[in-house]
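Structure assessment
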Amino acid sequence: MISLLDVWERAQNGPRVQDKEWNMSLFKKLSEITKKYEIKRQGKELVNADDEILDRAIEAAIEFVSSFGVYCRDLQRVIHFSEQEVREAIQEAPNEIK
C-alpha cells in the first residue's frame, strides 16, 4: 500500500490547478463517467440496492480516482494514484466501522 510519505510527496509535486479550473473539470469528468457506467437514479428511489448498479458505481469510482486524481486545496495541486493503488486501498479498507 502507498505510504503517507508517498502521498505527501505527490501532493508537493503534483500538477498545480486553480480551484475554479478543478471544479469545472470535476463536473465534466463526473458527467462523462456517470454516462459511461450508466449510473442514474431509479425513479423516486432514494437508495438503490441493485447489485449491478452498485458494481458499476464502484468501477466508476475507481476509474474516476485513478484517472482524475484527488485535489489538495491547500497546495492547489492534484495527487494522482494508479488504478492498482486504488484497488489495493479498497481491499485493505476495513469492512465495517466499529
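Computed from a predicted model, the values in this text were never measured in an experiment. (Residues numbered from 1 in each chain as written. Predicted model: local features only at pLDDT ≥ 70, side-chain atom pairs only at ≥ 80, totals over all residues. Heavy atoms only, no water.)

Turning next to the packing of aromatic side chains. In total, this model carries three aromatic pairs according to the counting rule given. Between the aromatic rings of W22 and F68, the centroid separation amounts to 4.5 Å while the plane-to-plane angle is 40 degrees, which identifies the pairing as tilted. Of this pair, W22 sits in helix α2 (residues 19-36) while F68 sits in helix α3 (residues 51-68); the two residues are 46 residues apart in sequence, bridging distant segments of the chain. With centroids separated by 5.0 Å and ring planes inclined at 15 degrees, the aromatic side chains of W22 and Y71 adopt a geometry described as stacked. Taken as a pair, W22 in helix α2 and Y71 in strand β1 (residues 70-72) lie far apart in primary sequence, 49 residues in all. Residue classification places Y71 among the buried residues on the basis of a relative accessible area of 13%. Following the ring pairs from residue to residue traces out a cluster consisting of W22, F64, F68 and Y71. (Phe/Tyr/Trp six-rings, centres within 6.5 Å; stacked < 30°, edge-to-face > 60°. Helix = DSSP H or I, 4+ residues; strand = E, 2+ residues; numbered from the N terminus. Buried < 20%, exposed > 50% of the residue type's maximum accessible area, 1.4 Å probe, protein only.)

Our next topic: the packing of α2 against α3. Contact geometry of α2 with α3 gives a least axis separation of 10 Å together with a crossing angle of 145 degrees. Between α2 and α3 the crossing geometry is right-handed. Here α2 contributes W22, S25, L26, K29, L30, I33 and K36 to the contact with α3, which in turn contributes A60, E63, F64, S67 and F68. Here the contact of α2 with α3 is composed, by residue class, of seven nonpolar, two polar and three charged. (Axes fitted to C-alpha atoms, helices over the stretch in contact; angles between N-to-C directions. Left-handed = near helix turned anticlockwise from the far one by under 90°. Contact = heavy atoms within 4.5 Å. Nonpolar A, V, L, I, M, F, W, Y, C, P; charged D, E, K, R; others polar.)

Summarising the element assignment, A60 is placed in helix α3. Along the chain, A60 and Q18 lie 42 residues apart, while their C-alpha atoms are 25 Å from each other. Excluding residues that lie within four positions of it along the chain, A60 makes contacts with I33, Y37 and I39.

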